[in-house]
Amino acid sequence: MLVRNNRPIRLAPILFAAVLAATTATAKPAADTASSIAIKSTPEQSDAALLALRILTRMHYKPEAFDVKMSQRVFDRYLDSLDPDRQFFTQADIDRFMPARDKLGEAIRDKDLSVPFAMFNLYVERIAERTAFARAELKKGFDFTKDESYQYQREKAPWPKNDAEANDLWRKRVKNDWLRLKLAGKDEAKIRETLDKRYANYIDRMRQLTSEDAFQVFLNSYAMAIEPHTNYLGPRQAENFEIAMRLSLEGIGAVLQREDDYTAIREIVPGGPAALSGKLKVGDRIVGVGQGEHGPIIDVIGWRLDDVVEKIRGAKDTAVRLEVLPADAGPDGKHETIAIVRKKIAVEEQAAKSSVIETKEGDVTHKIGVITLPTFYQDFEAHRRGDANYKSATRDVAKLLADLKKQHVEGVVIDLRNDGGGSLNEATDLTGLFIGKGPVVQVRSANGRIDVEEDRDDGVAWSGPLAVLVNRNSASASEIFAAAIQDYGRGLILGEPTFGKGTVQNLLDLDQMHGNEKPTYGELKMTIAQFFRINGGSTQLRGVTPDIAFPVTGDFAQNGEQAFDNALPWTSIPAADYRPAGDLKTLAPLLIARHDQRAATDKEWLAYQADVADVRKLREDKTISLNEAVRRKERDEQEAKRRERHPDQFVDVTGKDAVLAKGPETRSGPGNATHKPVDVASARKAADPDAENPVARTDATNAAKAAKAGSNPNEDDGLQADERSLKADLAEEKRRKALKDVVLNEAANILADEVSLLRADTKLAAQVLPRGQTGKNAVN
């Protein structure tokens, strides 16, 4: 749970934009290997660090003095955040800074950030050196008959002793990049061209890292050294967090992405100013931005994506002028200037949505409603103002339930897969739609006080058969909702054990505390309490265990609260005073038997589960062969499996030469995308060894789309996300969205089984359903 001014806000960890994934921030400099002018801290950053230290050492749920031990933990975590796979620094570099390892607390108190910034500057220097070496290696070529391997997961490996060892690591990395492209059918000239451009871009992007980037990583390393879900948000990250919670922003209504040195239009939001203007289209490239009707247009070619976004966003009803290179024009094509008036834009992609799945049981068809909830959102500011139409997950779900009832669905599945959390109020109110009045969750503060959050509305929006579908990435508010539904016996929990986050956060605005008029210091997301189930247990570390369990995610073992070395322990408190709405003890074994029987013969389900098993096995590997014959053999074996499992659509890619397409779900923690905050190491679990490079970081999900046209759309093309054409990438995204969701369909089948059993047995229905619903009345 997160609170601002004592108002509950958010339970999920923040997804920080990886600082080192920055595109470019200013006009692109000439390519060479020399590092930029050293980045220095600002007085404001020194003040913010000291204020954060005072708050965290006094107000945290687990307050710890910034002593020698804490200094050592911060030092180590900062290094891991910068170079998690230990490819840039050498042991000699680490030794150089070891005298300061015990003194970071003193440095912050003295407002001296010179050491962490010196470490950051050396990191930038090492990036330049390693990538320059990589470019030089391209001229030599490689012997792919040699038996050697590349260790691409190195978070627990020792630092390279010296430059020679570091260069050998990079030689293998470049060799792997080359081999991936070779296996994808690229010729030698094209491989050299692609990789040289890739490594040159690494250097260009490195140059655009700023003081804010360095400070973000360092202060967040301190926050996370205390506890995994305590974080620092710079001003820009704080703004993006607020947008994620209210699902709205003020802008033009276009989704942007980097394409070479351009900012390209990836998507036009329906109903937004860009769509209504009819002047922008997908693929157009923004080359300049001007404010108002007469403001000068600033060239943004080569800029960081977040800097371009900041220029385009602005207050509602103000104008922005975009200089655009049309999608179908070449680099020297004619530019167009387009004026658009900014408006409030709804971010509907993260809003609740409904659908209906029809299942077959002999001659009988069952209609099962599905509500997919990506996050427990609420527009807190609008709610505070008393806006009658404020955005709310619970309100949206209530409307969707009413619509599903009109469609005469017989059961409802709440799909919380990959829902990393949100507002505690929303978790409580959403639970109330299904249980009526009663306690939902208990919250214990640092002083031992226990408060019970409860729903006070006696009415219910749905009293029929209910299931909640979860996976390893279902966290925080999702776990509160699922645990309450389970404790009340109100519905079945399906899937795999959830993330295991049972802590409460408070969002503190450092600028507000210091009296700054403009966002300068940023915000702290600080753990201040733990939450507990109404039965007295905790979701901390253990998560919520499903009533009917089956594997869903490919990175289960590497994900979850237990992956943090400083997570709070599991504990329990007395149960709250509540009365279960139903009893599923008799029903659950019957449904498990039916599920097992169906799972034993359903080809799609068997294929999916085999894919999950393969991925989980592969994720245990830390190395990959650099022998071409071995890699081709592995690829052929993987292809044979795909053909056998998916004869119509080769969808669930596994293996080291390609990450997953749609199939076993892979993420790195709770939240809206890849998750573990700023600790960029945590997301580097994709089978593509370079999917999460700290400088050239490619999105692990987009890396899964490494597909080339042909008989198998999932075959690895050896490219990074920003190296593919936007048109091809969008086509692949559309194809993936159209694929059958095997796990969701099985959840619907399980709930349809419940409908059949309850209709056939009124005694069982009376035991399971709330308020004595039985027989024909078992369905709303």
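Visitor: Tell me about the overall build of the protein chain, and please be specific about residues and values.
Guide: The secondary structure content of the protein chain amounts to 23 helices and 23 strands. Classification of the 780 residues of the protein chain by burial places 59% in the buried group. Taking contacts inside the protein chain between residues at least 6 apart in sequence as the whole, the part at least 24 apart equals 76%. A total of about 30,700 Å² of accessible surface is found on the protein chain, and carbon and sulfur atoms cover 50% of it.

Visitor: An account of helix α21 (residues 726-737) is needed here, citing residue identities and associated values.
Guide: Compared with an ideal rise of 1.5 Å per residue, which puts 12 residues at 16 Å, α21 spans 16 Å between its outermost C-alpha atoms and is within 8% of the ideal. The set of residues buried in α21 consists of L726, D729, E732 and R736. An end-on view of α21 places all buried positions within 125° of arc, on one side of the element. Residues of α21 that are exposed and point more than 90 degrees away from the buried face comprise K727 and K734. Of the surrounding elements, those touching the buried residues of α21 are β6 (254-259) and β7 (262-268).

Visitor: Any details on the nonpolar core? Residues and values, ideally.
Guide: The tendency in soluble globular proteins is for nonpolar side chains to be buried side by side. Counting residues in each nonpolar core, the largest one holds 64 residues, and the members touching the most others are F66, V74, F89, F120, F215, Y222 and L524. Ranked by residues supplied to this core, first place goes to helix α5 (residues 114-138) with 11 residues. Those residues within four positions of L524 in sequence are excluded, and the remaining contacts are A52, I55, L56, N231, Y232, N506, L507, L508 and L510. Judged by nonpolar contacts, the second largest core, of 45 residues, contains A483, V504, A529 and I534.

Visitor: Which residues make up the packing of aromatic side chains, and what values go with them?
Guide: Taken as a whole, this structure holds 17 aromatic pairs when the rule is applied. Between F142 and F144, the ring centres sit 6.1 Å apart and the planes meet at 50°, which makes this aromatic pair tilted. F142 gets classed as buried once you look at its relative accessible area, which sits at 19%. Relative to Y232, the ring of F215 has its centre 5.4 Å away and its plane inclined at 80°; by these criteria the two rings are edge-to-face. One end of the pair, F215, is in helix α8 (residues 211-226); the other, Y232, is in strand β4 (residues 231-233), and 17 residues separate them in sequence. Note on Y232: relative accessible area 2%, which makes it buried. Feature note: the residues F88, F89, F120, Y123, W159 and W170 constitute an aromatic cluster, connected by ring pairs. The ring of W570 carries R542 above its face, with NZ or CZ at 3.7 Å from the centroid.

Visitor: Residue-level account of the packing of helix α14 (residues 424-435) against helix α15 (residues 477-487), with values.
Guide: The N-to-C vectors of α14 and α15 enclose an angle of 25°; their axes lie 9 Å apart at closest approach. Between α14 and α15, the angle is such that the two are roughly parallel. Pair α14 / α15 crosses with right-handed handedness. Contacts between α14 and α15 involve L424, A427, L430, T431, F434 and I435 from the first element and A477, I480, F481, A484 and I485 from the second. Considering only residue class, the contact of α14 with α15 consists of 10 nonpolar, 1 polar and no charged.

Cut-offs used in this document
- Residues numbered from 1 in each chain as written.
- Predicted model: local features only at pLDDT ≥ 70, side-chain atom pairs only at ≥ 80, totals over all residues.
- Heavy atoms only, no water.
- Helix = DSSP H or I, 4+ residues; strand = E, 2+ residues; numbered from the N terminus.
- Buried < 20%, exposed > 50% of the residue type's maximum accessible area, 1.4 Å probe, protein only.
- Contact = heavy atoms within 4.5 Å.
- Areas by Shrake-Rupley, 256 points an atom, 1.4 Å probe, with all protein chains shown as cover.
- Expected span 1.5 Å × (residues − 1).
- Arc of directions from axis to C-beta.
- Core = buried A, V, L, I, M, F, W, Y, C linked by side-chain atoms within 4.5 Å.
- Phe/Tyr/Trp six-rings, centres within 6.5 Å; stacked < 30°, edge-to-face > 60°.
- Lys NZ or Arg CZ within 6 Å of the ring centre and 35° of its normal.
- Axes fitted to C-alpha atoms, helices over the stretch in contact; angles between N-to-C directions.
- Parallel < 35°, antiparallel > 145°, perpendicular 65-115°, else oblique.
- Left-handed = near helix turned anticlockwise from the far one by under 90°.
- Nonpolar A, V, L, I, M, F, W, Y, C, P; charged D, E, K, R; others polar.

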